[in-house]
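# Survey of secondary and tertiary structure
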Amino acid sequence: MSYNKVVPALVKSSSDNIKRICLSHGRFRSTVASTQRDEVEGGKEKQVDECTVVKAAQADLIIQSKNTTDAQTQKIEIDFDNTHEAYKSKDNIELLRSLLVFKLCTFDFLVDKNKELMDLSKKVFGQRLFERLMKMTFYGQFVAGEDHNSIKPLIHKNQAFGVGSVLDYSVEEDLTQEEAEKKEMDACVSEAEKESPVPATEFFVTQEHDHSVDHREKKYKAHRQFGDRRGGVISARTYFYADEAKCDNQMETFLNCIKASGGASVDGFSAIKMTALGRPQFLLQFSEVLVKWRRFFILLAAQQGKSGMDALEQKLELEQLKESLTKLGVGNKDDIENWFTGEKLGSSGTIDLLDWNSLINDRTSISNLLVIPNVETGQLEPLLRKFTVEEEKQMKRMLQRVDVLAKHAVENGVRLMVDAEQTYFQPAISRLTLEMQRIFNREKPIIFNTYQCYLKEAYDNVSVDVELSRREGWYFGAKLVRGAYMYQERSRAEEIGYEDPINPDYEATNRMYHKCLEFVLEEIDHNRKANVMVASHNEDTVKFTLEKMNQMGLSPTENKVYFGQLLGMCDQISFPLGTVISTPSEL
């Protein structure tokens, strides 16, 4: 049993969080609402609140409406200062525990030195007593249970108050910094780079006609000083690649989470992380290719007088693109014609993958996708000069594991949220998630992509993906977060020497979050084919969402908008939302 991520996952609490916890003169009794599953018009089953966490895992609370046959949209009004609604699901012992835990979290020393203090506690009290103390405090507050059976009472209790959960496996290895750095370097450096390391080069800089040179950028290469990806991260779990067998085991764990989520309720949620499913070398390399192709498109757009526009406005007609490419001397006419078959450039102007099924076909060589345009030589050149057979297989297996998880999500009626990760992995993660959406979101939103709104490019990413979903007619699913890697991202950018990808300040991130959220809400208002998870502990953001829903006439009964918080972290938001929204008479 691992407790190493319980305390680091905490956001430092404010005194306001503590003030909102109040005790009753007697024991709080749960006012159990009906757990009967509602039905939609036309005889289809409606969504109810879902499942939660497994094995020392964090739980994301999901607040969704229980459907009602009353289709009339009514104004949503929620009083977040109503402590009775916020804490009526808790008894006095649970409230005292919350008070103690949040008070302890206000001491910076305890939070910053949590790992050392827990190691010391194990030595002083012994493993057994240490585990009991953790269950009575931090573990009991923020973790739903250790296995599928132990989490069920909390799942059903929260469901009675309109609050569902996401199964989110988050156990991590207990590695030293040196061990983590070694694992990361071994997993992210290709055999070609190990044999003939070359300095990272900037975009399109290479020796003329020398195809032996690797065209790698500093941002998308592994750096030992940042090999331990846990550094500066307190609210997201981290996976390090060991071997293919371990990735298979982690896939099986995710499959068990999907099955448990599907078995607990209708249309459950489950979360996965791409770095748990394969060697991250592929994510680094594919991310670099995607970014370089995107830059190449921006170059073409500038030549057509469309520089400085939003991503959606930088759409070039096919014939104009062909003309620009011919003038640049990048390939002959036949090659350029072949680029627009879906293998190179997609309709949105960015690189497009092969059809999802062909990607996971053993006959396809994935390294053929990892090519970049070189304006100086007029050639498409490989990112690396060679890939080993085993590297090809490792890339393929990652895609196959993702495909297996997506298919099981469909079979179990579970929505699959793909977590966001560091910016040097994220372009590949987002593109692979998009490919899953194009296949599995044809009838309803099964796959949800995660967008980090502390990134400068967040709005462009959201708007381009929404536009693609419109064109191709599939259901867009998004989870909006602010982001978990800010300090690490900024430190890495400054040390290695590339542009800081993070918004300049908190206010800019708030504006970006609300801009992205409003865009998706408008999309829901227009065609009802998009879904969004508002994953935020920010009360102002929740109020902003409810206000926009009221203005647009978006009824909670449609189950298009969900709210998510970490288990035990923000009950004063989670339970008032769940209680009010899930009560049909108050909608």
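Residues numbered from 1 in each chain as written. Predicted model: local features only at pLDDT ≥ 70, side-chain atom pairs only at ≥ 80, totals over all residues. Heavy atoms only, no water.

### Focus on the overall build of the protein
Put simply, the rule reads: Counting from the N terminus, the helices are DSSP H or I runs at least four residues long and the strands are E runs at least two residues long. Working rule for contacts: check all heavy atoms of both residues, and any pair within 4.5 Å makes them a contact. For accessible areas, the Shrake-Rupley method is used with a probe of radius 1.4 Å. Any residue's cover is judged against the shown protein chains and nothing else.
Helix and strand counts for the protein come out as 22 helices and ten strands. Across the protein, the fraction of contacts at a sequence separation of at least 24, relative to all contacts at a separation of at least 6, is 80%. When the accessible surface of the protein is summed, it comes to about 24,600 Å², and 49% of that surface belongs to carbon and sulfur atoms.

### Focus: a nonpolar patch on the surface
The condition that has to hold: Patch definition: residues with relative accessible area over 30% and no salt bridge; like charges joined within 9 Å; nonpolar side chains (Val, Leu, Ile, Met, Phe, Trp, Tyr) joined within 5 Å. Here a salt bridge means any side-chain nitrogen of Lys or Arg lying within 4 Å of a carboxyl oxygen belonging to Asp or Glu. The cut-offs for exposure are 20% and 50% of the maximum accessible area for each residue type, with area from a 1.4 Å probe on protein chains only; residues under the lower value are buried, those over the upper are exposed, and the others partly exposed.
A grouping of L120, V124, F125, L129, L133 and M136 is seen on the molecular surface, where their side chains present a nonpolar patch of about 570 Å² in accessible area. Listing elements by their share of the nonpolar patch, those giving two or more residues are α5 (114-125) and α6 (127-136). Turning to its location among the elements, F125 is positioned in helix α5. The partly exposed category is assigned to F125, whose relative accessible area is 42%.

### Quick notes on the side chain of R229
The following threshold applies: Counting of polar contacts relies on pairs of N or O atoms within 3.5 Å, with two restrictions inside protein: one atom must be capable of donating a hydrogen and the other of accepting it, and residues adjacent in sequence are counted only when both atoms are side-chain atoms.
Residue placement: R229 occurs in the loop between α10 (191-195) and α11 (244-264). Side chain to side chain, R229 and E184 meet in a polar contact 2.7 Å long. Residues within four places of R229 in sequence aside, it is in contact with E184, T238, Y239, F240, T275, E421, Q422, Y424, F425 and Q488.

### Remarks on the packing of helix α20 (residues 506-527) against helix α21 (residues 539-552)
So the rule is basically this: As a rule, the C-alpha atoms of each element are fitted with a line to give its axis, helices using only the stretch in contact, and angles between N-to-C directions run from 0 to 180 degrees. Note on terminology: angles under 35 degrees are roughly parallel, angles over 145 are roughly antiparallel, angles of 65 to 115 are roughly perpendicular, and the others are oblique. Left-handed describes a crossing in which the near helix is turned anticlockwise from the far one by less than a right angle; the clockwise case is right-handed. Throughout this entry, Asp, Glu, Lys and Arg are counted as charged residues, while Ala, Val, Leu, Ile, Met, Phe, Trp, Tyr, Cys and Pro are counted as nonpolar. The remaining residues, Gly among them, count as polar.
Running from N to C, α20 and α21 point in directions that differ by 30°, and their axes come no closer than 11 Å. With respect to α21, the axis of α20 lies roughly parallel. For α20 against α21, the interelement crossing comes out right-handed. Taking contact as the criterion, the partners of Y513, H514, L517, E518, L521, E522 and D525 in α20 are, on α21, T541, F544, T545, K548 and M552. Split into classes, the residues belonging to the contact of α20 with α21 amount to five nonpolar, three polar and four charged.

### Here's the deal with the nonpolar core
Heads up, the condition is: Nonpolar cores were defined as sets of buried Ala, Val, Leu, Ile, Met, Phe, Trp, Tyr and Cys residues, with membership established by side-chain atoms within 4.5 Å.
Residues F254, M274, L283, L405, M436 and I447 are the most contacted members of the largest nonpolar core, which totals 44 residues. Within the residue set of this core, elements represented by two or more residues are α8 (148-159), α11, α12 (280-303), α16 (389-411), β6 (414-418) and α17 (426-440). Looking at which element gives the most residues to this core, the answer is α16, with seven residues. In terms of nonpolar packing, the next biggest core, distinct from the first, is built from 37 residues, I78, Y451, A458 and L546 among them.

### Examining the packing of aromatic side chains
The test is simple: Stacked, edge-to-face and tilted are the three classes for Phe, Tyr and Trp ring pairs, Trp counted by its six-membered ring, which pair at centre distances within 6.5 Å; planes under 30 degrees apart are stacked, over 60 edge-to-face, the rest tilted.
For the coordinates displayed, the defined rule picks out nine aromatic pairs. Ring centres of F269 and F448 lie 5.7 Å apart, and the angle between their planes is 70°; on these two criteria the pair is classed as edge-to-face. You can see F269 sitting in strand β3 (residues 268-272) and its partner F448 sitting in strand β7 (residues 447-452), a full 179 residues away along the chain. For the pair F282 and F286, a centre-to-centre distance of 5.5 Å together with 5° between the ring planes defines the contact as stacked. Here F282 and its partner F286 are both found in helix α12, four residues apart, which amounts to about one turn of the helix. As far as the burial class goes, F282 and F286 line up, both buried.

### Notes on the environment of I76
Following the sequence through the fold, I76 ends up in the loop between β1 (60-63) and α2 (83-87). Measuring from C-alpha to C-alpha, the distance between I76 and E547 comes to 8.1 Å, with 471 residues separating the pair along the chain.

### Here we look at α16
We count it as follows: Under the convention used throughout, the expected extent of a helix is 1.5 Å for every residue step, that is, one less than its residue count.
For α16, with 23 residues, the first-to-last C-alpha span of 33 Å sits near the 33 Å given by 1.5 Å per residue. Taken from the residues just after α16, G413 is the one with a positive phi, measuring 65°.

### Concerning the confidence of the model for the protein
Filter applied, for reference: Residue-level confidence of the predictor is summarised by pLDDT, bounded by 0 at the bottom and 100 at the top.
Per-chain confidence: the protein averages 76 in pLDDT, with 68% of residues scoring 70 or above. Mean pLDDT across the elements of the protein bottoms out in helix α15 (residues 356-359) (33) and peaks in β7 (97). Predicted confidence is poor over residues 1-58, with pLDDT under 50, and the contacts of this stretch with residues over four places away or in other chains come to 199 contacts. A low-confidence stretch, residues 342-364 (pLDDT under 50), is modelled with 67 contacts involving residues beyond four sequence positions or located in other chains.

### Remarks on α20
The end-to-end C-alpha separation of α20 is 32 Å, in line with the 32 Å expected for 22 residues at 1.5 Å each. Here α20 starts with a cap whose side-chain oxygen sits 3.3 Å from the backbone nitrogen of E507, and that cap is D505. R528, located one to two residues past α20, shows a positive phi value of around 60°.

### Concerning the packing of α16 against α17
Put simply, α16 and α17 touch, their axes get as near as 11 Å, and they point 40° apart. Judged on the interaxial angle alone, α17 and α16 are oblique. Of the two possible hands of crossing, α16 and α17 adopt the one that is right-handed. On α17, the residues that touch L399, V402, D403, A406, K407 and V410 of α16 are L432, M436 and F440. In the contact of α16 with α17, the residues fall into seven nonpolar, no polar and two charged.

### Some words on the state of the cysteines
Quick note on the threshold: In plain terms, two cysteine sulfur atoms within 2.5 Å form what is called a disulfide here.
Evaluation of the coordinates by the stated rule reveals zero disulfides. With no disulfide of its own, C453 has C516 as its nearest cysteine by sulfur position, at a separation of 4.1 Å.

### What to know about the pattern of salt bridges
Under the definition given, this model contains 28 salt bridges. With a closest N to O distance of 2.6 Å, R438 and E472 form a salt bridge. Separated by 34 residues along the polypeptide, R438 in helix α17 and E472 in helix α18 (residues 458-472) bring together distant segments of the chain. The exposure class of E472 is partly exposed, given its relative accessible area of 24%. The closest approach of N and O atoms between E499 and K456, which form a salt bridge, is 3.3 Å. With E499 in the loop between α19 (486-496) and α20 and K456 in the loop between β7 and α18, this pair connects stretches of sequence that are 43 residues apart. Ionic contacts of the salt-bridge type, sharing partners, join the residues E244, D248, E390, R397 and R401 into one network.

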